[in-house]
Amino acid sequence: MNATSFGSAPDGGQGSAPTRPETGRIVLLTTSHRVAPGLLSWPAWQALHAADRVLCADGAHPQLPYLREAGISVEEAGPAAEELIDLCAGGRTVVVVATGEGEPVLTDGLARLAGSGRFHMPELELLPASYDLPGARLLDLVQVMDRIRAECPWSSRQTHEGLVKYGIEEAYELVEAIEEGDRDELREELGDVLLQVVFHARIAQEDADAPFSIDDVAGTIVAKLVHRHPHVFGEETAATPEEVKEHWLRTKAQEKQRTSVTEGIPLHQPGLALAAKLASRVRTAGMDVPPPSGEGIGYELLALAIRAEAEGVDPEAALRAAARAYRDAVRATEGTGAQGRSDEALGDGSASADTVEE
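Everything numeric here is computed off the predicted structure, so don't read it as measured data.

Visitor: I'm lost on the pattern of salt bridges in this one. Help?
Guide: Note on pairing: side chains with opposite charge can pair once their charged atoms come close. Taken as a whole, this structure holds 17 salt bridges when the rule is applied. Measuring nitrogen to oxygen at the nearest pair gives 3.6 Å for the salt bridge that ties Arg 187 to Asp 184. Taken together, the positions of Arg 187 and Asp 184, both in helix α7 (residues 183-204) and three residues apart, correspond to about one turn of that helix. Here Arg 187 matches Asp 184 in class, with each residue exposed. One salt bridge connects Arg 307 with Glu 311, and the closest N-O pair in it is separated by 3.4 Å. Glu 311 gets classed as exposed once you look at its relative accessible area, which sits at 52%. A network of salt bridges, in which partner residues are shared, links Arg 34, Asp 132, Arg 137 and Asp 140.

Visitor: What should I look at first to understand a negative patch on the surface in this one?
Guide: Residues Glu 169, Glu 173, Glu 176, Glu 180, Asp 182, Glu 185 and Glu 188 make up a contiguous surface patch of negative charge. For the negative patch, the secondary-structure elements that each account for two or more residues are α6 (160-180) and α7. Per-element accounting of the negative patch gives the leading share, four residues, to α6. Relative to the elements of secondary structure, Glu 188 occurs in helix α7.

Visitor: Would you take a moment to explain the environment of Glu 246 for this structure?
Guide: Among the structural elements, Glu 246 can be located in helix α10 (residues 241-256). Owing to a relative accessible area of 48%, Glu 246 belongs among the partly exposed residues under this scheme. Taking the C-alpha atoms as reference points, Glu 246 and Arg 228, separated by 18 residues in sequence, lie 9.9 Å from one another.

Visitor: Quick question: what am I supposed to make of the confidence of the model for the chain here?
Guide: Atom-level detail of predicted coordinates should not be read off regions where pLDDT is low. For the chain, per-residue confidence averages 85 on the pLDDT scale, and 88% of positions sit at 70 or higher. The spread of mean pLDDT over the elements of the chain runs between strand β1 (residues 4-5), the lowest at 39, and α7, the highest at 97. Low pLDDT, under 50, characterises residues 344-358; the predicted model gives this stretch five contacts beyond four residues in sequence or across chains.

Visitor: For this particular structure, what's the right way to read the nonpolar core?
Guide: Side chains that are nonpolar tend, in soluble globular proteins, to be buried together. Ranked by size, the top nonpolar core spans 18 residues in total, and within it Leu 29, Leu 48, Val 54 and Leu 67 carry the most contacts. Counting residues per element, the ones that place at least two in this core are β2 (25-30), α1 (42-50), β3 (53-56), α2 (64-69) and β5 (93-97). Of all the elements, α1 adds the most residues to this core, at four residues. Among residues more than four places away in sequence, those in contact with Val 54 are Leu 48, Ile 72, Ser 73, Val 74, Glu 75, Val 95 and Val 97. If you look at the next biggest cluster of nonpolar residues, it comprises 17 residues, including Ile 26, Leu 84, Cys 88 and Phe 119.

Visitor: For this particular structure, what's the right way to read the side chain of Glu 189?
Guide: Following the sequence through the fold, Glu 189 ends up in helix α7. Arg 187 provides the closest opposite charge to the buried, unpaired Glu 189, separated from it by 11 Å. Excluding residues within four positions of it along the chain, Glu 189 makes contact with Glu 170, Glu 173, Leu 174 and Ala 177.

Visitor: Hey, could you run me through α1 in this one?
Guide: Since there are 3.6 residues in each turn of an α-helix, residues three or four apart along the chain are aligned in direction. Burial in α1 covers these residues: Ala 44, Trp 45, Ala 47 and Leu 48. Taken down its axis, α1 places every buried residue within 160° of arc, on the same side. Facing away from the buried surface of α1 by more than 90 degrees, the exposed residues are Trp 42, His 49 and Ala 50. The secondary structure elements touched by the buried residues of α1 are β2, β3, α2, β5 and β6 (123-128).

Visitor: Can you walk me through the side chain of Glu 125 in this structure?
Guide: Mapped onto the secondary structure, Glu 125 falls in strand β6. When its relative accessible area of 12% is taken as the criterion, Glu 125 is described as buried. Of note is the side chain of Glu 125, whose polar atom sits 2.4 Å from the side chain of Arg 25.

Cut-offs and rules
Residues numbered from 1 in each chain as written. Predicted model: local features only at pLDDT ≥ 70, side-chain atom pairs only at ≥ 80, totals over all residues. Heavy atoms only, no water. Salt bridge = Lys/Arg side-chain N within 4 Å of Asp/Glu carboxyl O. Helix = DSSP H or I, 4+ residues; strand = E, 2+ residues; numbered from the N terminus. Buried < 20%, exposed > 50% of the residue type's maximum accessible area, 1.4 Å probe, protein only. Patch = residues over 30% accessible without salt bridge, like charges linked within 9 Å, V, L, I, M, F, W, Y side chains within 5 Å. Areas by Shrake-Rupley, 256 points an atom, 1.4 Å probe, with all protein chains shown as cover. Lys, Arg positive; Asp, Glu negative; His and termini not counted. Charge placed at Lys NZ, Arg CZ, Asp CG, Glu CD. pLDDT = per-residue confidence, 0-100. Contact = heavy atoms within 4.5 Å. Core = buried A, V, L, I, M, F, W, Y, C linked by side-chain atoms within 4.5 Å. Arc of directions from axis to C-beta. Polar contact = N/O pair within 3.5 Å; in protein donor to acceptor, adjacent residues only side chain to side chain.

Pasting the structure below:
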């Protein structure tokens, strides 16, 4: 960031301007706690080595041991704004290693003094010494989850099994946000799904027999993505989505060494999704397996799911869209007075089974 000066008091008197004292320079050095201490930018190291004095109000600041190891003399001091201006007299440069809050009291004090017009203000430079990389806020989430797991009476007692229902609920809420096109809701629901991942990984750390952490989870998926994208990270090429899928399926088959195309399909997923997944595996494998013959709604739904998959339609999404249209029709009917008649019918205690269940 370019140097930002608070300005100085106007010259008094007439004629030639009087000689003004050298006001010096204040460098406010900010760092990110999401970057390992000591990993500072080159301009930051230059400013630190060139400074007449380096100050830090926090004696436990994580940067201090690394600065001192690099030969920087750091004084544990937190002067007020006017005192800091005096330290810069004679053209001296003072670097202030900011605490996590960014020294708002000091900067507010300097702004007030500059606004008073009574001081020749030193040049003030805000110098970010380290920057957050994309994904850095995930470190905050891990830290927050650690504390919640340790201190929250509810979270500290949760297990993988106890959280299953929440994972399912959050996944469905994410689907709803996507299909409704609500961007704010989408951002929130993605966070809720991410929480489930971090929560389960935090619980897994405590397993006595086979512990793993969120880093192990991330490392596993990174390795999988790299291996299944040889056209990105390797020597192979893929110009179409179909070729990408071919790479994916081939490398996945090499990894899993499965003896059946049905292996790895979760049987507890919704029925239409399960039927469509089976049909997809059969079609991709080039197999000709007619659906089993039978009577009843189940076999009819199976046939519809297979037909939808063959036509490139997600049967679950299609049914949800139709169900939403049905919901809108119900609400429209309620708006014409049918709701009042329904309330009267239920008022005599003759509620339906569905109403009691809800």
